[in-house]
Amino acid sequence: MRISVFVIYSLILSCLFSCNTNNVVKNEQLPDSTLIAIRDGFDTRVAAYFEEQKDIPLSMWKSSGWNEPQRHSYPLIEYATVNLMFHQNIDSANTALVEYADYFINDPEKILHRDHFHWHSEMALRLIEFFGTNGIKTAGLIKPETENKLFEAVWLYAKRRQEDQVGANTKAEADHEISNTWYIYESENHHSQSFTTLWHFSKLIKDRPGFQDRKYDDGRTARQHFESWNEYLKIYFAERAKKGIYVEIMSRDYNHKSVKGMFNVYDFTTDPELKRKAEYYINLYFTYWGQEQIDGIAGGAKSRLYQDINQGTSEYGYLFFGIGEKPHFQSVLLSAMTTTYRPPLVVVDIVCDRKGRGVYEVKQHPLGLAKDGEYGPPVYHMRTDYGGILRYSYCTPDFVIGTCMYEARPREDWTLISSQNRSHGVIFAGHENAAILPQCEKTASNRAYNSQWSVQQKGTLICQKLETNQRAGRSVVWFSGEGLGNPIKEGNWIFTESEGAYAAVCVVDGGFTWEEEPGRTKGKWLVCEKEYSPVILEVDQKSNYKSFEEFRSKVKGNQLSFENNILKYKGIYDDEFTFYTDYSKSPEINGETVNYAPEKAYDSPFLKAEWNNGVVKIQKEERQLVLNFNE
């Protein structure tokens, strides 16, 4: 398969029909023809990717990954995928897959570590589905002896018994009867990568001679495991719809890792109910992400971000919607690049029509609290009766500001995959790095836990460092040097502006200093003189003011008092806040204590579902979709 001039021309057209909709008027729908062009542009974008890799020999393939097994495995999988897709260099593609399998067969201990195998195993199994003995694309391109090698490697990973695992305790057995899928192994993304590999492998070998009669270490066969995993997945999808989808909240990289194996479930299950729920889950993910992103950059509160000052655009956003930067060709994207899944038009509309989405609030009720004290690795037991988090975002075409609100709890109350590297603040349209982000420095291994608590209504956010933190350093505020004007100090406030918004920051107690960012990302850090001082962030659209001076005057005129550890503040949206800096009470908004157990799992104009209900509604204007995870 070669890419013709017509395809390159089509790529240009697909760029024209990507999510560049700056002229869309609020409350007007994009026409079907535009949405279909965006959606169908996926094929052209992917074809161009593969064409770029077509003639690269294995010796020149770029190695990636952060450990030796990944650096060894990724190029072999990528090279084999490209050449099998083009029906070329079949012998060398098979040799690469044999080398991939032998690496783990000859050193079985490597396969057990959480960072070594399930990062690419889903693509090895996908290649068997495409090109193996019973391949649905071109059967037989993967030779029987190569296929057996791959199965023998995955067998070492899949046959394990859970109770025998020590150290890195990756998922080994379906346990939905006791956990309802909420015992999470190693981390949320590790957990998903592991069980999707285990499901897929058991599907492929349950009827295969030489494997179908083998006994796993727990004494069961592949067919028995497959039946368990099938049930596990159905419950898993429904539970995520009921309880806020992710614990690793809006973590672009880790959410992608959680989703990549789900494309295999969607593409290769023969169970209609499971296929439908897999599709619903992916639709839910893209809507959850899409309603809070600006040009592929996710806004709102997040967790497990190792750095948020240059978080990058979503790779899936580029592939499925044509927005953001073109990502590098990499193994972890291959399942998405070769899936038959396509988003429904209502989801494309929500993702791509930033102007038409207008101004709105997003509220969500995700899980984060630990059950029975099991807050740390290797197995996180999630508390499921009460999430303890109100995730809130205020979205406009010019900015998205958001936070996770929760009580000032001891850090042991939270699973570490929830409390690690939480991020909040505002991102702006106009530049992918434009942001103001209050946070605490990460003092060890680029990790901090339970760093801050907060309160927010519309574009007003107040936050403070928690005394119950772990590894949290100085209280700081990031000001991007790209997409924002130079900060201006007037009284206790620091002002700046973006292309379409004004912003202000106030360090309530004590002064501050500035420090330049030493890395490649342009910007600087406001460093609070007193680490437990509350910080106020105000953001509003320029269109609501005659001038920058009017905005600054309004902010400086806001009522603010700070006495006896109580901050009282009336923001620019006329909301009144009471914030208890001694952590004695939860914050209040307009006299009402924040409710950390909202009745809805998802609540926005575009995504709605009652908590623990399982019926999700996706809607934009006349377009709507109901996802019933209970059927």
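Quick caveat: nothing in here was measured; it's all calculated off a predicted structure. (Residues numbered from 1 in each chain as written. Predicted model: local features only at pLDDT ≥ 70, side-chain atom pairs only at ≥ 80, totals over all residues. Heavy atoms only, no water.)

## Some words on empty space enclosed by the protein
The gaps of empty space that remain are located by a probe, the size of a water molecule, rolled over the atoms.
Line of reasoning, step 1. All chains considered together, the criterion is met by 3 cavities of 30 Å³ or more.
Line of reasoning, step 2. Empty space within the largest cavity amounts to approximately 180 Å³.
Line of reasoning, step 3. Taken together, the elements giving at least two residues each to the lining of the largest cavity come down to strand E7 (399-405) and strand E9 (435-442).
Line of reasoning, step 4. Here the lining of the largest cavity is composed, by residue class, of 7 nonpolar, 8 polar and 4 charged.
Line of reasoning, step 5. As a volume, the second largest cavity reaches approximately 100 Å³.
Line of reasoning, step 6. Along the walls of the second largest cavity sit 16 residues, with Asp308, Gln311, Ile427, Ala435 and Leu437 positioned nearest its centre.
Line of reasoning, step 7. Element by element, the count of residues in the lining of the second largest cavity is highest for strand E8 (residues 425-428), at 3 residues. (1 Å grid on protein atoms, 1.4 Å probe; cavity = no way out; pocket = protein on both sides within 12 Å on 5 of 7 lines; lining within 4 Å. Points joined across faces, edges and corners; volume = space filled by probe spheres on them. Helix = DSSP H or I, 4+ residues; strand = E, 2+ residues; numbered from the N terminus. Nonpolar A, V, L, I, M, F, W, Y, C, P; charged D, E, K, R; others polar.)

## What to know about the sheet that holds strand E15 (residues 501-507)
Line of reasoning, step 1. Taken in spatial order, the 6 strands line up as E10-E11-E18-E15-E14-E13 in an open sheet, and their pairing is antiparallel. Unpaired on one side and paired on the other, strand E10 (452-457) and strand E13 (488-490) mark the two borders of the sheet. With direction set aside, neighbouring strand axes in the sheet form an average angle of 20°.
Line of reasoning, step 2. Pairing of strand E14 (residues 493-497) with E15, which is carried by 5 bridges, proceeds in the antiparallel orientation. Counterpart to Thr496 in the pairing with E15 is Ala503.
Line of reasoning, step 3. Seen against the sheet, helix H18 (residues 548-556) touches E13, E14, E15 and strand E18 (535-541) and runs at an angle of roughly 150° to E14. (Pairing = 2+ DSSP bridges. Axes fitted to C-alpha atoms, helices over the stretch in contact; angles between N-to-C directions. Contact = heavy atoms within 4.5 Å.)

## Examining the packing of helix H6 (residues 121-131) against helix H11 (residues 252-268)
Line of reasoning, step 1. Where H6 meets H11, the closest approach of the two axes is 10 Å, and the angle between their N-to-C directions is 20°. Compared by their axis directions, H6 and H11 come out roughly parallel. Every pair of crossing elements has a handedness; the one defined by H6 and H11 is left-handed. When H6 is examined against H11, the residues Glu122, Arg126, Glu129 and Phe130 are found in contact with a partner set consisting of Lys260, Phe263, Asn264, Asp267 and Phe268. (Parallel < 35°, antiparallel > 145°, perpendicular 65-115°, else oblique. Left-handed = near helix turned anticlockwise from the far one by under 90°.)

## Some details on the pairing of strand E27 (residues 623-628)
Line of reasoning, step 1. Here strand E26 (residues 615-620) runs beside E27; their pairing, made up of 6 bridges, is antiparallel. Bridging across to E27, Val616 finds its partner in Leu627.
Line of reasoning, step 2. Hairpin geometry of E26 and E27 is characterised by an intervening segment of 2 residues between the two adjacent antiparallel strands and by a positive phi of about 55° at Glu621.

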